[in-house]
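Descriptive structure summary
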Amino acid sequence: MTAQASLRVKVARRTLEAEGICGLELVAADGGALVAFSAGSHIDLFLPGGIVRQYSLCNDPTESHRYQIAVLRDPASRGGSAAVHEQLKVGDELTISVPRNHFALAGHAPSHLLMAGGIGITPILCMAERLSALKAEFTLHYACRTPERAAFRQRIADSAFAARAHFHFDQERPLDIGQVLGAAAADAHVYVCGPQGFMDAVLDTARALGWDPSRLHWEFFAAAQPTHRSSDQAFDVRLASSGRVVSVGPDKTVTQALADAGVDVMVSCEQGVCGTCLTRVLEGEVDHRDAYLTPQEQALHDQFTPCCSRARSACLVLDL
């Protein structure tokens, strides 16, 4: 990974937020103030073994003395959640990125509909607390399999916005996505985070109901498509600044091929989720495999995530 702004923090507290969900409170290792953030922000955690993972901040954005995250123990973990649950303990120091926000609240929106599935409550909770402090119009819907799996349930119940928060459990009161979206204000903006199936259901339903794309906001923390496919072919990328051509083999990503050629592109998640490596495309057709760009942005073929996306054309000319 190329250098980027980072912070050294210490684990000040560990909590069990729900079944299988570990909460961490991080403070500056030197005891100072942390970098400010806004609702919807996330940080990269640099974990043992060279693992880098993104986690949403779920505390009050006005706080400067701590960052709070919550991590689901994923049985299919590629090492990130296992490292948090099994290795990190109070007093440990680690490096994190400064907060970045690709999931910001639309400040101009007259009303907001917050929809969370499972661990997707982390950025949504931060949004709810911020909107409540601003006395903005919003409603929160939180879907979980069981009450025991609902993180921050008591925190929400004790909050100033408790009357606007609605819990939905699969066996008791399942979430009716169509009903919730259909009853929303005509000018509402929807924000959704959670497992891919949940997010797809919300976004597909909103589109089917005619919601304007500008009113749909979402955040993925897992890639929607595989980085490699058996049908992948080699292609070239040309650097606009020098005219240099770099070949990308079928078994390598663009960022890997560029790194081998001595050209660094800043990367983080390497799954097309965080947008850190987003690069302008000046010519060529992209095979988009990210979960960061909207379908409308992808259709323009003027930017892509080289950590996972590839080329449909023989060559891509990059603004590098």
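A quick note: this is a predicted structure, and the numbers were derived from the prediction, not measured.

A look at the overall build of the protein
Scanning the protein for helices and strands turns up seven helices and 18 strands. The C-alpha radius of gyration of the protein comes to 20 Å, within 12% of the 20 Å expected for a compact globule of 320 residues. With respect to the three principal axes, the spread of C-alpha positions in the protein is 60 × 50 × 35 Å. With 320 residues in all, the protein has 51% of them scored as buried. Across the protein, every contact between residues at least 6 apart in sequence was considered, and the portion connecting residues at least 24 apart equals 67%. Counting only carbon and sulfur atoms, one obtains 48% of the accessible surface of the protein, whose full area is about 14200 Å². Distance between charge centres in the protein, computed from 28 positive and 36 negative side chains, equals 3 Å.

Some thoughts on the sheet that holds strand β3 (residues 42-47)
Spatially, the six strands line up as an open sheet ordered β4-β3-β6-β1-β2-β5, and their pairing is antiparallel. Across the chains shown, the open sheet's two edge strands, defined by having one partner strand only, are β4 (51-56) and β5 (67-72). For this sheet, the mean inter-axis angle between neighbouring strands, taken without regard to orientation, is 40°. Where strand β2 (residues 21-28) meets β5, six bridges bridge the pair, whose relative direction is antiparallel. Residue pairing for β5: L26 is matched across the bridge by Y67.

Some details on the pairing of strand β6 (residues 93-97)
Across five bridges, strand β1 (residues 6-18) lies against β6 in antiparallel orientation. Residue pairing across strands places L7 opposite I96, the latter belonging to β6. Bridge count for β3 against β6 is two bridges, and the pairing is antiparallel. Looking across to β6, one finds that L45 is bridged to I96.

Some details on the packing of aromatic side chains
Taken as a whole, this structure holds five aromatic pairs when the rule is applied. Look at F37 and Y67: their rings are 5.7 Å apart centre to centre, the planes differ by 80°, and that puts the pair in the edge-to-face class. Linking F37 in the loop between β2 and β3 with Y67 in strand β5, this pair joins segments that are 30 residues apart in sequence. Over the ring of W218 we find R207, and its NZ or CZ is 5.6 Å from the ring centre. R215 extends its terminal NZ or CZ atom over the ring of W211, reaching a point 4.1 Å from the ring centre.

Digging into the environment of L94
Tracing the backbone shows L94 in strand β6. Setting aside anything within four residues of it in sequence, one finds L94 in contact with L7, R8, V9, V11, L26, L45, F46, L47 and L88.

Regarding helix α5 (residues 196-208)
Between its first and last C-alpha, α5 extends 18 Å over 13 residues, near the 18 Å set by a 1.5 Å rise per residue. Buried residues of α5: F198, M199, V202, L203 and A206, and no others. End-on, the buried residues of α5 take up no more than an arc of 120°, which puts them together on one face. Looking at α5, the residues exposed on the side facing more than 90 degrees away from the buried face are G197 and A208.

Some remarks on the domain arrangement of the protein
Segmentation of the protein into domains returns domain 1 (6-97), domain 2 (111-220) and domain 3 (235-318). Once you take the C-alpha centre of each, domain 2 and domain 3 turn out to be 33 Å apart. Contacts between the two partners involve four residues from domain 2 and, on the opposite side, five residues from domain 3. The junction of domain 2 with domain 3 conceals about 360 Å² of combined surface from both sides, 66% of it contributed by carbon and sulfur atoms. Where domain 2 packs against domain 3, one counts zero salt bridges. Between the two partners, domain 2 and domain 3, sit zero residue pairs in polar contact (both at pLDDT 80 or more). A breakdown of the residues in the side of domain 2 that touches domain 3 according to their chemical character gives three nonpolar, no polar and one charged.

Details of the nonpolar core
If you look at the biggest cluster of nonpolar residues, it comprises 55 residues, and the most contacted ones within it are I121 and I124. Taken together, domain 1 (6-97) and domain 2 (111-220) each give at least three residues to this core, which thus spans both. Residue contacts for I124: discarding those within four places in its chain leaves F103, L114, M115, A116, L140, Y191, V192 and C193. Of all hydrophobic cores here, the second largest spans 20 residues; its members include L258, V281, C307 and A311.

Notes on the pairing of strand β13 (residues 245-248)
Every second residue of β13 is oriented toward a common face, the buried set being V246 and V248 and the non-buried set V245 and S247. The pairing of strand β12 (residues 235-239) with β13 spans four bridges and is classified as antiparallel. Across the sheet, D236 pairs through a bridge with S247, a residue of β13. What sits between the antiparallel neighbours β12 and β13 is a turn of five residues, in which G243 has the positive phi angle 80°.

Rules behind the numbers
- Residues numbered from 1 in each chain as written.
- Predicted model: local features only at pLDDT ≥ 70, side-chain atom pairs only at ≥ 80, totals over all residues.
- Heavy atoms only, no water.
- Helix = DSSP H or I, 4+ residues; strand = E, 2+ residues; numbered from the N terminus.
- Rg over C-alpha atoms; globule rule 2.2 N^0.38 Å.
- Buried < 20%, exposed > 50% of the residue type's maximum accessible area, 1.4 Å probe, protein only.
- Contact = heavy atoms within 4.5 Å.
- Areas by Shrake-Rupley, 256 points an atom, 1.4 Å probe, with all protein chains shown as cover.
- Lys, Arg positive; Asp, Glu negative; His and termini not counted.
- Charge placed at Lys NZ, Arg CZ, Asp CG, Glu CD.
- Pairing = 2+ DSSP bridges.
- Axes fitted to C-alpha atoms, helices over the stretch in contact; angles between N-to-C directions.
- Phe/Tyr/Trp six-rings, centres within 6.5 Å; stacked < 30°, edge-to-face > 60°.
- Lys NZ or Arg CZ within 6 Å of the ring centre and 35° of its normal.
- Expected span 1.5 Å × (residues − 1).
- Arc of directions from axis to C-beta.
- Domains from an automatic or database assignment.
- Buried area = accessible area lost by both parts, 1.4 Å probe.
- Salt bridge = Lys/Arg side-chain N within 4 Å of Asp/Glu carboxyl O.
- Polar contact = N/O pair within 3.5 Å; in protein donor to acceptor, adjacent residues only side chain to side chain.
- Nonpolar A, V, L, I, M, F, W, Y, C, P; charged D, E, K, R; others polar.
- Core = buried A, V, L, I, M, F, W, Y, C linked by side-chain atoms within 4.5 Å.

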